[in-house]
Amino acid sequence: MKVMVGSKNPTKIEAVTNAFISCEYKIEVQGSDIPSFVSAQPIGHEETKLGAINRAKQAVIGNDIGIGLEAGIVIMDDAYYLCNWGALVHSSGELFVAGGLLLPLPNFLYEHLHAGEELGPLVDQFWNRQNTKHQEGIAGILTNNRVKRTDLFVQVVLPLIGQWEESR
Ligand SMILES: O=P(O)(O)OP(=O)(O)OP(=O)(O)OC[C@H]1O[C@@H](n2cnc3c(O)ncnc32)[C@H](O)[C@@H]1O
Ligand SMILES: [Mg+2]
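How each quantity is defined
Residues numbered from 1 in each chain as written. Chains lettered and ligands numbered in written order. Predicted model: local features only at pLDDT ≥ 70, side-chain atom pairs only at ≥ 80, totals over all residues. Axes fitted to C-alpha atoms, helices over the stretch in contact; angles between N-to-C directions. Helix = DSSP H or I, 4+ residues; strand = E, 2+ residues; numbered from the N terminus. Parallel < 35°, antiparallel > 145°, perpendicular 65-115°, else oblique. Left-handed = near helix turned anticlockwise from the far one by under 90°. Contact = placed C-beta atoms within 7 Å. Core = buried A, V, L, I, M, F, W, Y, C linked by C-beta atoms within 7 Å. Buried ≥ 20, exposed ≤ 12 C-beta atoms within 10 Å, placed from the backbone. Pairing = 2+ DSSP bridges. UniProt positions renumbered as here; feature names shortened; annotations may be inferred. Near = placed C-beta within 6 Å. Nonpolar A, V, L, I, M, F, W, Y, C, P; charged D, E, K, R; others polar.

Enquirer: Help me understand the packing of helix α1 (residues 10-22) against helix α6 (residues 149-167) in this model?
Expert: How two helices sit against one another is set out by the angle between their axes and by the gap between those axes. At a minimum axis distance of 8 Å, the contact between α1 and α6 shows a crossing angle of 45 degrees. Overall, the two elements α1 and α6 adopt an arrangement that is oblique. For the crossing formed where α1 meets α6, the hand is right-handed. In this structure, α1 uses T11, K12, E14, A15, V16, N18, A19 and F20 to contact α6, whose residues at the interface are R149, T150, F153, V154, V157, L158 and I161.

Enquirer: Looking at this model, I keep getting lost on the nonpolar core. Mind explaining?
Expert: Counting 42 residues, the largest nonpolar core has V3, V5, V16, A56, I67, L88 and V157 as its most contacted members. Looking at this core, the elements that each hand over two or more residues are β1 (2-5), α1, α2 (45-59), β3 (65-76), β4 (79-90), β5 (95-99), α5 (137-142) and α6. Apart from residues lying up to four places away in sequence, V157 is in contact with A15, V16, A19, I67 and G86.

Enquirer: What exactly am I supposed to notice about the pairing of β4 here?
Expert: Here β4 lies mainly inside the structure; nine of its twelve residues are buried. Strand direction decides the pairing type here: β3 and β4, joined by twelve bridges, are antiparallel. When the bridges of β4 are listed, E70 appears paired with W85. From the end of β3 to the start of β4, which pair antiparallel, there are two residues, and D77 there has a positive phi angle of about 50 degrees. Here β4 runs beside strand β6 (residues 103-104); their pairing, made up of two bridges, is antiparallel. Bridging across to β6, Y81 finds its partner in P104.

Enquirer: Looking at this structure, how should I read the UniProt feature "domain: Non-canonical purine NTP phosphatase/PRRC1" (unreviewed entry) in the protein?
Expert: Residues annotated in UniProt with the feature "domain: Non-canonical purine NTP phosphatase/PRRC1" (unreviewed entry) correspond here to residues 6-158. Note that residues 6-158 is 37% helix and 23% strand, and that its end C-alpha atoms are spaced 17 Å apart.

Enquirer: What is the right way to read the site of ligand 1 from this model?
Expert: What surrounds ligand 1 is a group of 18 residues, the closest being S7, A71, G120, K133 and G137. Where the shell around ligand 1 is concerned, the elements lending two or more residues are β3, α4 (119-126) and α5. Across the shell around ligand 1, the residue classes break down as seven nonpolar, six polar and five charged.

Right, here's the structure in full:
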């Protein structure tokens, strides 16, 4: 089964690989830089979910399954939260979506996020790191590495696989 991930981010490719392997599929996973057609920093569940869907719909072309994973930020109770959405499109055209971890972001990021800055560079700047979005991510940093970025995307991909299986 050929699975295409709509991203070259290693955390996303690894998460998709791990999730399918844990479900005992024989798969060939590849990643491709596919545009999300939403903002680089999606805001709100709707925009984040749409980014995941847009990526999955393009990723499935020429493959058995396309997966889109997108992170965003949402405001709740005057605080920003990290949110995560995923979409699976099968070559039959069926589409499945699932949401993932919601995690409160520190208050000192509020003004920056409110001004439209992207989370990735902010994390690198404030934690004096490089390219954390390709590593444990803000989730890992804020959870003592209990939930790294790959782990949280696995928890998005598993319900995508499960919904697709259930529909067959
Ligand atoms: O190459 P792509 O697939 O686009 O991977 P990405 O790391 O940019 O991931 P998203 O587009 O899904 O994330 C949207 C924005 O949120 C940031 N972001 C999301 N989760 C993050 C995390 O755990 N750590 C650091 N930045 C994160 C990311 O840097 C982007 O600016
Ligand atoms: Mg991105």
